[in-house]
Amino acid sequence: KNLKPSVNKQSCMCNELSHKIRWNKDEQPECISCKIGQIATRDGNYCIFCTNSTQEFSSNVTISNSSTKSSSICIKCSSDEIEVERNLDGSLLTTKQCLRCATGTRPSPDQTACVPCPINVFSGKSSCSCPSSSHDLLAPDVCASHNELTAWPDDSATFTIEYSVSNQAVQSKLLKDNLRRDVYLCKVQRRSSACQSVANMCVLSHYRDGSACSLFRDFKHIPSSGR
C-alpha cells in the first residue's frame, strides 16, 4: 500500500503522498498516507504542508504509472527557486517553502540549494546567463568578455591544420571546441591545466604559426615552427 517503484525499478518506495514508518521483514518500506495538503519530504520519512505562497494544490494527480489517487499534491517550485524543508538548525519546517536564488547564484540540479554561477556568468531568472552582446559562452561554465578575446576570434584559421605532405587542410573539431576556451582560461584565469591543454594543441597543430602555439611563442616559451 502507498508504494511505487524505485528509480532503478529494483525495489519499492513510498509514493509522494506517503511517508515511511518502518521496514518490514521482507525489507520493504511500510508507508502511511500524509494528510490532505501534505506531501512527503525528500528523504521520505516525514510529511510537510505545501507552501502557502507560490505552490498550489492539484487534484487527481497521477502518483505512478499505474495508479491515480484522488488527493492533493504540491506543484513544484519554479525553475529559479529551491525547495526548503528545514530550518538552518536542521529542524523540519511546518510548510515547504520556495526560495528564489539571489543574483549570482542558481538552483542546484535537484533544487535543494543555491550555488554560485560559473566564472563571469551572471544570474538570470531561471539560470546563470551569459550576455551575448558583450560576452561569448565558450563552454557551459565559461563566459568570457569580448574584450578578453580580441586576439582569439572565432575564426576557422585558428582551428585548421595543414598537412604539407598531402597538401590538405583539415578543420580540427578538438581545436574548434576547446582552443578559445583553454586560451582564455590559461591567459585570463591562469589555470595551469588549461595552459597544458593549449600546449598539447600546439603540438597537434605541428607548431603552426597563428594557432595554439602563438600563446607560447609570444612569451618565447617554445621554438618557432621553422626550427
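Keep in mind that this is a model prediction, so the values were computed, not measured. (Residues numbered from 1 in each chain as written. Predicted model: local features only at pLDDT ≥ 70, side-chain atom pairs only at ≥ 80, totals over all residues. Heavy atoms only, no water.)

Undergrad: Looking at this structure, how should I read the overall build of the protein?
TA: Check the secondary structure of the protein and you find 3 helices and 18 strands. If you take every contact in the protein between residues at least 6 apart in sequence, the share linking residues at least 24 apart comes to 36%. Accessible surface computed for the protein: about 14300 Å², of which carbon and sulfur atoms make up 50%. (Helix = DSSP H or I, 4+ residues; strand = E, 2+ residues; numbered from the N terminus. Contact = heavy atoms within 4.5 Å. Areas by Shrake-Rupley, 256 points an atom, 1.4 Å probe, with all protein chains shown as cover.)

Undergrad: Could you clarify how one ought to interpret the pairing of strand β9 (residues 81-86) in this entry?
TA: Residues in a regular strand project their side chains so that they alternate between the two faces of the sheet. Of the pairings in the sheet, the one linking β9 to strand β10 (residues 92-100) comprises 5 bridges and is antiparallel in character. Directly across from Glu83, in β10, lies its bridge partner Cys98. (Pairing = 2+ DSSP bridges.)

Undergrad: For this particular structure, what's the right way to read the confidence of the model for the protein?
TA: Atomic detail in the predicted coordinates should be set aside for any region of low pLDDT. For the protein, the mean per-residue pLDDT works out to 77, and 80% of the residues sit at or above 70. Overall, residues 52-72 carries pLDDT values under 50, and its contacts beyond four positions in sequence, including any with other chains, amount to 46 contacts. Taken as a whole, residues 220-227 scores under 50 in pLDDT and shows 11 contacts with residues more than four places along the chain or in a different chain. (pLDDT = per-residue confidence, 0-100.)

Undergrad: Even after reading the chapter, I still don't get the side chain of Thr41, so can you show me in this structure?
TA: Looking at the element boundaries, Thr41 is found in the loop between β5 (38-40) and β6 (47-49). Aside from chain neighbours lying at most four places away, what touches Thr41 is Tyr46, Ile48, Glu85 and Leu92.

Undergrad: Is there a simple way to explain the packing of helix α1 (residues 173-187) against helix α2 (residues 192-204) in this structure?
TA: Helix packing geometry: the angle between the two helix axes and the distance between the axes. Contact geometry for α1 and α2: axes closest at 8 Å, N-to-C directions at 140 degrees. Regarding the angle of α1 to α2, the classification is oblique. Along this stretch, α1 crosses α2, giving a crossing that reads as left-handed. Contact residues: Leu174, Leu175, Asn178, Leu179, Asp182, Val183, Leu185 and Cys186 in α1; Ala194, Cys195, Ser197, Val198, Met201 and Leu204 in α2. Each residue belonging to the contact of α1 with α2 can be placed in one class, and the counts come to 11 nonpolar, 2 polar and 1 charged. (Axes fitted to C-alpha atoms, helices over the stretch in contact; angles between N-to-C directions. Parallel < 35°, antiparallel > 145°, perpendicular 65-115°, else oblique. Left-handed = near helix turned anticlockwise from the far one by under 90°. Nonpolar A, V, L, I, M, F, W, Y, C, P; charged D, E, K, R; others polar.)

Undergrad: Explanation requested: the state of the cysteines in the structure shown.
TA: One covalent bond between the sulfur atoms of two cysteine residues makes up a disulfide. Considering all chains together, one arrives at 6 disulfides under this definition. Between Cys14 and Cys31 runs a disulfide, and the two sulfur atoms are separated by 2.0 Å. On the sign convention where negative means left-handed, the S-S torsion of about -85 degrees between Cys14 and Cys31 marks this disulfide as left-handed. Of this pair, Cys14 sits in strand β2 (residues 12-14) while Cys31 sits in strand β4 (residues 29-33), placing them 17 residues apart in sequence. Look at Cys31 and you get buried, because its relative accessible area is 12%. With no disulfide of its own, Cys12 lies 8.9 Å from the sulfur of Cys31, the closest cysteine sulfur. (Disulfide = S-S within 2.5 Å. Buried < 20%, exposed > 50% of the residue type's maximum accessible area, 1.4 Å probe, protein only.)

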